[in-house]
Amino acid sequence: MFIYEPTLVEGFDLQVYRLKSERGIVGTPNPEMTTNIACFGDNNMAGKHPDWVQMSKDGPSLRTNKKYNFRWDIVCNQEKQMVDYMLDLIEDTAEKTKGITLSSMHFADHGFCTCPRCKEAYAKSGLDWLEWRAQTVTDFIKSARERVKNKPFYVGLLPDPVNAYERFGMDFDALAEYADAFVVPHWSRSYATPWYFESLSRAFKKVLKKPVYPGLYIRGPGDDPNEVEKPEQIIKTACRIARTGVDGLIFLAGNATIMKGFQKAAVANVKLREELEGYGGKPVLDLIDRWKNIIQ
């Protein structure tokens, strides 16, 4: 479970509270939950420190850059003040909660970052451009792992199993040395074609050397309930993904009420569960069976 408020919801093995989203606002940790922290995706810091924003020949890593269609503003991962702030937040939160999952710890996309900080660091590295970018991301994850100490440590990837190295500086094998598992968001307001999400999951299961947890989107903060996928189709997609051999699934919701509503809908739809018998998604059906004893 991946949720935007520090509220436990019964029926999930892993309960993740999104302490710091890409908005940049930091909440209050819940010691009974694992904590998600978005690192360099940070609208708040980008607004306060425009000179910290990642740069490219095609402009900055801001939501206003139509050549990239960023969903949030992204700060340079060579800006020492930002790096120190994030590592301190990670360490402090790890001491207070059950574990840490990180997201937005990478370069914005192709061509980033060409700010003066990055140009200087790249020139001193002696590496080629792509190697330097990957080393930068891996070094941050290594430092974060050291701050988390012996708590569970999950690394969030972007859902590109082929080009993540060139686009974002993600070296999957190098990151696997520090991650206990990988979270791969398949966030979407529509799961009309489950085959695509099943295929993505198969690809990540093949290339990653640590456990893989794809994420499915129920309804986020501020979403119109009429503009997101129905529980029936989310459950079908979950079963299609489960049969790829992934190690678990994470469901995202804006709050506990939304998550409990999804559980109730899943339990109530007996006909759907009968239809999904034999799909190969038994872990999902078993999970819903557990919910029967929880839902009031």
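The structure we're discussing is the one just above.
The rules behind each value
Residues numbered from 1 in each chain as written. Predicted model: local features only at pLDDT ≥ 70, side-chain atom pairs only at ≥ 80, totals over all residues. Heavy atoms only, no water. Axes fitted to C-alpha atoms, helices over the stretch in contact; angles between N-to-C directions. Helix = DSSP H or I, 4+ residues; strand = E, 2+ residues; numbered from the N terminus. Left-handed = near helix turned anticlockwise from the far one by under 90°. Contact = heavy atoms within 4.5 Å. Nonpolar A, V, L, I, M, F, W, Y, C, P; charged D, E, K, R; others polar. Expected span 1.5 Å × (residues − 1). Buried < 20%, exposed > 50% of the residue type's maximum accessible area, 1.4 Å probe, protein only. Polar contact = N/O pair within 3.5 Å; in protein donor to acceptor, adjacent residues only side chain to side chain. Salt bridge = Lys/Arg side-chain N within 4 Å of Asp/Glu carboxyl O. Core = buried A, V, L, I, M, F, W, Y, C linked by side-chain atoms within 4.5 Å. Pairing = 2+ DSSP bridges. Parallel < 35°, antiparallel > 145°, perpendicular 65-115°, else oblique. Phe/Tyr/Trp six-rings, centres within 6.5 Å; stacked < 30°, edge-to-face > 60°. Lys NZ or Arg CZ within 6 Å of the ring centre and 35° of its normal.

Asker: I keep staring at the packing of helix α7 (residues 194-207) against helix α8 (residues 231-242) and nothing clicks. Help me out?
Answerer: Two numbers describe a pair of packed helices, the interaxial angle and the distance between the axes. The N-to-C vectors of α7 and α8 enclose an angle of 35 degrees; their axes lie 8 Å apart at closest approach. Of the two possible hands of crossing, α7 and α8 adopt the one that is right-handed. Along its contact with α7, which presents P194, W195, F197, E198 and S201, the element α8 presents Q233, T237, R240 and I241. Grouping the amino acids of the contact of α7 with α8 by side-chain chemistry returns four nonpolar, three polar and two charged.

Asker: Would you mind going over helix α4 (residues 129-148) with me for this structure?
Answerer: Every α-helix carries 3.6 residues per turn, so stepping three or four residues along brings you back to the same face. A rise of 1.5 Å per residue sets the reference length of α4, with its 20 residues, at 28 Å; its end C-alpha atoms lie 29 Å apart and thus fit the reference within 8%. Within the sequence span of α4, burial applies to W132, R133, A134, T136, V137, T138, F140, I141, A144, R145 and V148. The inward-facing, buried residues of α4 contact α2 (80-96), β6 (100-103), α3 (116-125), β7 (153-156), α5 (164-168) and α6 (172-176). For α4, the N-terminal cap is D128; the gap from its side-chain oxygen to the backbone nitrogen of L130 is 3.2 Å. Positive backbone phi, approximately 60 degrees, marks K149, located one or two places after α4.

Asker: Would you explain the pattern of salt bridges in this entry?
Answerer: Two side chains of opposite charge can pair, provided their charged atoms sit close to one another. Scanning all chains against the criterion turns up 26 salt bridges. The salt bridge partner of R18 is E22, with a shortest N-O separation of 2.7 Å. You'll find R18 and E22 in the same group, each marked buried. Put simply, D58 and K67 hold a salt bridge, and the shortest N to O gap is 3.6 Å. The exposure class of D58 is partly exposed, given its relative accessible area of 25%. In this structure, a network of salt bridges that share partners links the residues D88, E91, R147 and K149.

Asker: Sorry, what's going on with the nonpolar core here?
Answerer: For soluble globular proteins, nonpolar side chains are generally found buried alongside one another. Counting residues in hydrophobic clusters, the biggest one holds 93 residues, and the most contacted among them are L102, F140, L157 and F251. A total of seven residues in this core trace back to one element, the largest contributor, which is α2. Those residues in contact with F140 that lie beyond four places of it in its chain are C39, F40, V83, M86, L87, I90, L102 and M105.

Asker: Would you mind going over the sheet that holds strand β10 (residues 250-253) with me for this structure?
Answerer: Working definition: the strands of a sheet are paired by backbone hydrogen bonds and lie parallel or antiparallel to each other. Taken together, the eight strands give a closed barrel; going around it, the order is β1-β2-β3-β6-β7-β8-β9-β10, and neighbouring strands pair in parallel fashion. Here two bridges tie strand β1 (residues 2-3) to strand β2 (residues 16-20), and the two strands are oriented parallel to one another. Bridge assignment links F2 to a residue of β2, and that residue is V16.

Asker: Where do I start with the packing of helix α9 (residues 256-268) against helix α11 (residues 282-292) in this structure?
Answerer: Their axes nearest at 9 Å, the elements α9 and α11 cross at an angle of 105 degrees. For the element pair α9 / α11, the angle class is roughly perpendicular. In contact with F262, Q263, A266 and V267 of α9, α11 contributes I288, W291 and K292. Per-class residue counts for the contact of α9 with α11 are five nonpolar, one polar and one charged.

Asker: For this particular structure, what's the right way to read the packing of aromatic side chains?
Answerer: Geometry of an aromatic ring pair is reported as the spacing of the ring centres plus the angle between the planes. On inspection of all chains with the given rule, the structure shows 17 aromatic pairs. Taking 6.5 Å as the distance between ring centres and 75 degrees as the angle between the ring planes, the aromatic pair formed by F2 and Y4 counts as edge-to-face. When its relative accessible area of 29% is taken as the criterion, Y4 is described as partly exposed. Aromatic rings pair up to connect F12, F251, F262 and W291 into one cluster. Positioned over the ring face of F107 is R133, at 4.7 Å from the centre of the ring.

Asker: Is there a simple way to think about the environment of T28 in this case?
Answerer: On the secondary structure map, T28 appears in the loop between β2 and β3 (34-38). For the pair formed by T28 and Y17, sequence separation is eleven residues and the distance between their alpha carbons is 9.6 Å. Not counting residues up to four positions away in its chain, the partners in contact with T28 are P6, Y17 and L19.

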